[in-house]
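# Architecture at a glance
Below, each chain spelled out in residue letters.
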Amino acid sequence: NPPGNEILTANFIKIMLEREGIPAVIYESVSGRGNLIARIAGNGTRKPLMMLSHMDVVAANPNQWRFDPFAGIVAEDYIWGRGALDMKGMLAMELMTLILYKRSGQVPDRELILVAAADEEVGGIYGIHWLMEQDIPSLTAVEYIINEGGTGFLQNQMPVYTCQNAEKGLLWVKLSLSGTPGHASMPAKDNAIVQMNRIISRIGRHREPLTLCETSRGFLSQMAVQHGVKLPTRPANLDYSLKMFASRHFNKERSIQGMLYNTISPTILQAGMKTNVLPEQCELTLDCRLVPGETPEHFLEQLRNLINDSKVTMEVIQSAAPTESPVDTELFRTMRQIAHQENSGGDVVPYLSTLATDSRYFRQKGITSYGFIPILISEAELQKMHGIDERISLANLETGTRILYQVIERISHN
Ligand SMILES: [Zn+2]
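Residues numbered from 1 in each chain as written. Predicted model: local features only at pLDDT ≥ 70, side-chain atom pairs only at ≥ 80, totals over all residues. Heavy atoms only, no water.

With that settled, consider the coordination of the zinc ion. Only His-54 (NE2), Asp-86 (OD), Glu-148 (OE) and Glu-148 (OE) from the protein coordinate the zinc ion, and they sit 1.8 to 2.7 Å from it. Metal-centred angles of 54 to 148° between the 4 donor atoms at the zinc ion mark the site as irregular. The sequence pattern describing where the donors of the zinc ion fall on their chain is H-x31-D-x61-E. Here His-54 is found in strand S3 (residues 49-54), whereas its partner Glu-148 is found in the loop between strand S7 (144-147) and strand S8 (152-155), with 94 residues between them in sequence. Taking relative accessible area as the criterion, Glu-148 reaches 7% and is therefore assigned buried. (Donors = N, O, S within 2.8 Å, 3.2 Å for Na, K, Ca; no water. Tetrahedral: all angles 85-135°; square planar, octahedral: opposite > 155°, others 65-115°. Helix = DSSP H or I, 4+ residues; strand = E, 2+ residues; numbered from the N terminus. Buried < 20%, exposed > 50% of the residue type's maximum accessible area, 1.4 Å probe, protein only.)

Further remarks concern the domain arrangement of the chain. If you check the domain split of the chain, you get domain 1 (7-151 + 354-411) and domain 2 (167-320). Each of domain 1 and domain 2 has a C-alpha centre, and the two are 34 Å apart. Facing the 7 residues of domain 1 at the interface are 4 residues of domain 2. Both sides of the domain 1 and domain 2 interface together cover about 440 Å² of buried area, and 41% of this is carbon and sulfur. Looking only at domain 1, the three residues that lose the most surface to domain 2 are Thr-354, Leu-355 and Arg-363, adding up to 79% of its buried area. For the pair domain 1 and domain 2, the number of links is 1 salt bridge. With a shortest N-O distance of 3.5 Å, Glu-167 and Arg-363 are connected by a salt bridge. Here domain 1 is connected to domain 2 by 3 residue pairs in polar contact (both at pLDDT 80 or more). (Domains from an automatic or database assignment. Contact = heavy atoms within 4.5 Å. Buried area = accessible area lost by both parts, 1.4 Å probe. Salt bridge = Lys/Arg side-chain N within 4 Å of Asp/Glu carboxyl O. Polar contact = N/O pair within 3.5 Å; in protein donor to acceptor, adjacent residues only side chain to side chain.)

This next bit is on the packing of helix H9 (residues 330-342) against helix H12 (residues 394-411). Working note: a packed helix pair is described by the angle between its axes plus the distance between those axes. Between H9 and H12, whose axes approach to 9 Å, the crossing angle comes to 135°. Taken as axis vectors, H9 and H12 run oblique relative to one another. Crossing geometry of H9 relative to H12 is assigned as right-handed. In contact with Glu-330, Leu-331, Thr-334, Met-335, Gln-337, Ile-338, Gln-341 and Glu-342 of H9, H12 contributes Thr-399, Arg-402, Ile-403, Gln-406, Val-407, Arg-410 and Ile-411. Split into classes, the residues belonging to the contact of H9 with H12 amount to 6 nonpolar, 5 polar and 4 charged. (Axes fitted to C-alpha atoms, helices over the stretch in contact; angles between N-to-C directions. Parallel < 35°, antiparallel > 145°, perpendicular 65-115°, else oblique. Left-handed = near helix turned anticlockwise from the far one by under 90°. Nonpolar A, V, L, I, M, F, W, Y, C, P; charged D, E, K, R; others polar.)

Turning our eyes to something else, we now look at the sheet that holds strand S15 (residues 313-320). Overall, antiparallel pairing links the 4 strands, which are arranged S12-S14-S10-S15 in an open sheet. Unpaired on one side and paired on the other, strand S12 (263-271) and S15 mark the two borders of the sheet. Strand-to-strand twist across the sheet, computed as the mean angle between neighbouring axes with direction ignored, equals 20°. When strand S10 (residues 169-178) meets S15, the two strands line up antiparallel, connected through 7 bridges. Within the sheet, the bridge partner assigned to Leu-175 lies in S15 and is Met-314. (Pairing = 2+ DSSP bridges.)

With that out of the way, let us pick up the side chain of Asp-287. One can find Asp-287 in strand S14 (residues 281-290). In terms of polar contacts, Asp-287 uses its side chain to reach the side chain of Arg-289, at 2.8 Å. Other than its neighbours up to four places away in sequence, Asp-287 contacts Leu-171, Trp-172, Thr-263, Ile-264, Ser-265 and Thr-267.

As a further point, take the sheet that holds strand S19 (residues 391-393). In space, the 3 strands of this open sheet follow the order S4-S5-S19, with antiparallel pairing throughout. The open sheet is flanked by strand S4 (73-75) and S19, the only strands paired with a single partner. On average, adjacent strands in this sheet sit at an angle of 25° to one another, irrespective of strand direction. Taken together, the 3 bridges between strand S5 (residues 78-80) and S19 define a ladder with antiparallel strand orientation. Bridging from a neighbouring strand, Tyr-78 pairs with Ser-393 of S19. Where helix H2 (residues 84-104) meets the sheet, its contacts fall on S5 and S19, and the angle it forms with S19 comes to roughly 40°. With respect to the sheet, H12 is in contact with S4, S5 and S19, its orientation differing from that of S19 by roughly 65°.

Our focus in this paragraph is the packing of helix H1 (residues 7-19) against H2. Running from N to C, H1 and H2 cross one another at 20°; their axes reach a closest spacing of 11 Å. Our classification of the angle between H1 and H2 gives roughly parallel. The interaxial crossing formed by H1 with H2 has right-handed handedness. Taking contact as the criterion, the partners of Thr-9, Ile-13, Met-16 and Leu-17 in H1 are, on H2, Lys-88, Leu-91, Leu-95, Leu-98 and Ile-99. The class makeup of the residues in the contact of H1 with H2 is 7 nonpolar, 1 polar and 1 charged.

Counting buried residues along strand S17 (residues 347-353), 7 of its 7 residues qualify, which places the element largely inside the surrounding structure. Burial along S17 is two-sided: the residues Asp-347, Val-349, Tyr-351 and Ser-353 and Val-348, Pro-350 and Leu-352 are all buried. Alignment of strand S9 (residues 158-167) against S17, held across 7 bridges, turns out to be parallel. Within S17, the position partnered with Tyr-161 by the bridge is Val-348.

Inspection of every chain in the model, using the stated rule, returns 7 aromatic pairs. Within the aromatic cluster, the residues linked to one another by ring pairs are Phe-67, Tyr-78 and Trp-80. Against the face of Tyr-361 rests Arg-360, its NZ or CZ located 4.5 Å from the ring centre. (Phe/Tyr/Trp six-rings, centres within 6.5 Å; stacked < 30°, edge-to-face > 60°. Lys NZ or Arg CZ within 6 Å of the ring centre and 35° of its normal.)

The next point concerns the nonpolar core. Considering soluble globular proteins, one finds that nonpolar side chains tend to be buried as a cluster. Among the nonpolar cores identified, the biggest contains 48 residues, and Leu-17, Leu-36, Leu-98 and Met-335 are the most heavily contacted of them. Among the elements that make up this core, the one with the highest residue count is H2 (10 residues). Apart from the residues lying within four places of it in its own chain, the contact partners of Met-335 are Cys-163, Val-348, Tyr-370, Phe-372 and Val-407. (Core = buried A, V, L, I, M, F, W, Y, C linked by side-chain atoms within 4.5 Å.)

The following block contains the structure:
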């Protein structure tokens, strides 16, 4: 994506589902951009549950890969291909879960909905964003969503799955400063590059305070228990202890640091055209990521105070508020139970991701959405997502399907 062309996958899945007697409808936002929705009816005791996925993938250069990235080659106990992790592997697990459930002949307490969307990789305009504007039954009336966003890793030989229940917000800002143009042989005092340099140092020296939200509190509390740390019960003392624990144990882990701080990253710096001409303007682009509880508007104010220079103009390029689902739910407890059942040392921990998924559209409507791909992968394998030689092990597909199926079965029966 581009071009997406998800209709091919949607048609493929539809045939497979109909063979099992599961009705599926394809909604085309524009020609070729298919979104598939399949359902197993419930008895209506509880609100529906959605298994969500996206069918589009990012590009891949076949010359860099060991196997053709668009052939789905099975070799060395892995399926190789673009999207194996992000996220056709999970789509396959969701699809199998729905099929196995149907074959079991049970009637769930809640309707089970499978949504395989288009266009996630470039923002969901032809996918979830579009679907939610159509009049589709129960799409925004679900109680729970299981989507991508969290995976799992081994910690002291024990599986720990991350449940991505929150995503950071973003604020992209362009700062500009002007200077007097002219011949560089006669320098002016207000050189735009020199002025911007002062701003850059100010940003570089700045340290954001550690900021907790419900997700990071949940994550750190569970991790502290695993490390044998005894936590106080009074909220104010708890936060203090969690911050101490975080700075002691996760000081060097960038993915966890991202859960604890608002961040400001200078990413683009532009100024000047010619060696002998003073620059008329210097522009600096910042990528800021915000933890739940912070708002783009408030953070922009903070940024203005930090820069503290009335000559700097600030333009917001893009902004999105953070989204967070509650940690303490029946679904989260069920996931933990099943992980524990699979392996007595297994667990699920809440997780705040620095990236956005389609879950944000649903969380904005107050729907609990969890990113939970129940597979165990190393950091190196995880890096292949959007990279070269993306793959998923057959063992992960099998175990993941078993875990997902059990979660769905338990949350759908009283
Ligand atoms: Zn994805």
